[in-house]
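Spelled out from the first residue to the last, the chains are:
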Amino acid sequence: MKKLFFGICLCMLFCIQNLNAQKISISAQGGIAIPKGSVYGTDIEDQSFGVGLCYNADLLYHMGKFDEKLGLGLTYNGSIIMGAKVDDDGSDGGAYSLEMYGIKGYYHFFNKKVSPYIALSTGLSQFNHAGIGMSTEAIEAGYEKSYSLGLMPEFGVQMGILNFGVSYYVPMKYKSYTIEKQSAGALQFYVGIRYALDLKNAIGLK
């Protein structure tokens, strides 16, 4: 899985070099993550809760052929979530983390100070679960690391260098220490900055 991911990134970088990139942008963002998926006990019949933090960064090349509205590049996204659930069978909880290392497509609609944008990221997703489960029969503790395909659409508004957005880390199936596989994802609300740099000006070309 890791070799496949790095192969995709290399192909992506090769394609970017041949798409007449005129500008690059770098972003860093942070916010709140709301857990989504069965591993957190978010089924409607369960009494459950969870809250966390999200953070992400990307490096994008903006294409001159598309009036620099289209950006393609590399991205990293992470969430740290504390969660617990209580149902008829017992209770369990713990700390969870999701991380995506992938590629990102980004499009902002207007070349103005204020513009809506949409984006889609995909790549290698890593899920970590450390926690404890309690029932009438036993107490179980464990740790599990698992990998899957990551997918995350997002939309937001760019206001100068500031951006405000919402992204959905689509729940995928991962191994949990309690059950063979469960779904895990997150709904993220974030604020951050995006700084753009003109490549021609940076290297002294006209």
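Here, the structure is the one placed above.
Within any chain, residue numbers begin from 1 and follow the written order of that chain's sequence. Given that this is a predicted model, residues contribute local features only at a pLDDT of at least 70 and side-chain atom pairs are listed and counted only at 80 or more, while totals for whole chains, interfaces and linings are drawn from all residues. Side-chain metrics rest on all non-hydrogen atoms present in the structure, leaving aside hydrogens and water.

**Thoughts on the packing of aromatic side chains**
Our working definition: Centres within 6.5 Å make a pair out of two Phe, Tyr or Trp rings, where for Trp the six-membered ring is used; the pair is then stacked when the planes are under 30 degrees apart, edge-to-face when over 60, and tilted otherwise. Elements are defined by DSSP. Helices are runs of H or I of four residues or more, strands are runs of E of two residues or more, and each kind is numbered from the N terminus. Buried, partly exposed and exposed residues are distinguished by accessible area as a fraction of the type maximum, computed with a 1.4 Å probe on protein chains only: under 20%, between the cut-offs, and over 50%, respectively.
For the coordinates displayed, the defined rule picks out six aromatic pairs. Here Tyr 96 and Phe 127 contribute two aromatic rings whose centre-to-centre distance is 6.2 Å and whose plane-to-plane angle is 25°, an arrangement assigned as stacked. Of this pair, Tyr 96 sits in strand β4 (residues 90-108) while Phe 127 sits in strand β5 (residues 114-134); the two residues are 31 residues apart in sequence, bridging distant segments of the chain. The class of Phe 127 is buried, set by a relative accessible area of 1%. Ring geometry for Tyr 106 against Tyr 117: centres 5.2 Å apart, planes inclined by 35°, an arrangement best described as tilted. Taken together, the positions of Tyr 106 in strand β4 and Tyr 117 in strand β5 put the pair eleven residues apart, joining distant regions of the chain. With respect to burial, Tyr 106 and Tyr 117 carry one shared label: buried. Within the aromatic cluster, the residues linked to one another by ring pairs are Tyr 55, Tyr 76 and Tyr 101.

**A word on a nonpolar patch on the surface**
The test is simple: Without a salt bridge and with relative accessible area above 30%, a residue can belong to a patch; like charges are then joined within 9 Å and nonpolar side chains (Val, Leu, Ile, Met, Phe, Trp, Tyr) within 5 Å. Each accessible area is a Shrake-Rupley estimate made with a 1.4 Å probe; only the visible protein chains count as cover when residues are assessed. Any Lys or Arg side-chain nitrogen found within 4 Å of a carboxyl oxygen on Asp or Glu counts as a salt bridge.
Taken together, the side chains of Val 114, Val 157, Met 159, Ile 161, Leu 162, Phe 164, Val 191 and Ile 193 present a nonpolar region at the surface, about 650 Å² in accessible area. Elements with a contribution of two residues or more to the nonpolar patch: β6 (139-159), β7 (162-174) and β8 (182-198). Of note, Phe 164 is situated in strand β7. For Phe 164, a relative accessible area of 37% gives the class partly exposed.

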